[in-house]
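Take a look at the letters that make up each chain.
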Amino acid sequence: TIPSKVFGGFAKACHTLYKFDSKAEKDFATILESDTDAVRKWLRPARAQFTIYWDRNSKRYEPDFIVETSDSIYMVEIKAERDIDDEQVKEKARAAMKYCESASQFNAKNRGKKWEYAIIPHNQVLPNRSFVSLMTEFLYRDN
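Residues numbered from 1 in each chain as written. Predicted model: local features only at pLDDT ≥ 70, side-chain atom pairs only at ≥ 80, totals over all residues. Heavy atoms only, no water.

*Asks:* Please clarify how the overall build of the protein chain should be interpreted in this entry.
*Replies:* In terms of helices and strands, the protein chain carries three helices and six strands. Written out in order from the N terminus, the α and β elements of the protein chain read α-β-β-β-β-β-α-β-α. For a compact globule of 143 residues, the expected C-alpha radius of gyration is about 15 Å, and the protein chain comes in at 15 Å, within 12% of that figure. Taking the principal axes of its C-alpha atoms as reference, the protein chain extends roughly 35 × 35 × 30 Å. Buried residues in the protein chain amount to 45% of all 143 residues. Summarising the internal contacts of the protein chain: among those between residues at least 6 apart in sequence, 53% fall at separations of at least 24. (Helix = DSSP H or I, 4+ residues; strand = E, 2+ residues; numbered from the N terminus. Rg over C-alpha atoms; globule rule 2.2 N^0.38 Å. Buried < 20%, exposed > 50% of the residue type's maximum accessible area, 1.4 Å probe, protein only. Contact = heavy atoms within 4.5 Å.)

*Asks:* Explain the pairing of strand 4 (residues 65-68) here, please?
*Replies:* Across a regular strand the side chains alternate sides, sitting on one face of the sheet and then on the other. In this sheet, strand 4 lies alongside strand 1 (residues 41-43) in antiparallel orientation, the contact comprising three bridges. Residue leucine 43 lies in a different strand from strand 4, and its bridge partner there is isoleucine 66. Sheet topology places strand 4 next to strand 5 (residues 72-79); four bridges connect them, and they run antiparallel. Paired with valine 67 across the two strands is tyrosine 74, which belongs to strand 5. Here strand 4 folds back onto strand 5 in antiparallel fashion, the turn holding three residues. (Pairing = 2+ DSSP bridges.)

Function cannot be inferred from these measures alone, as they are strictly geometric.
Printed below as a string of structure tokens:
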């Protein structure tokens, strides 16, 4: 199964080897690697690399991917389609949005890039999709 395997051969990733929690996550990495226009770099954050808390600051949220383009940095979560509207997923997303807003405000004052957050349903991570098309469709806006 995917979680038990280590994958390599990445040129745009910040590390050469990664594990993925699902086939959709591995397929998203392939989309990032094959993007010739938008994606500059990407990574799978290490455990505790980001300090994003949710559930009244009692739990830590760990995003699936960080992707850098020429003008933005994207925090990306790949989720099972059935879980997208789950209240815990929404709470994590709100915490991630706050992080992205704070990082964007800091970067605006320090010549850095804007941060954006996206949740992509697993069944939309398809080989014919581009990173830009996924971001256009799935940038998160708290409803």
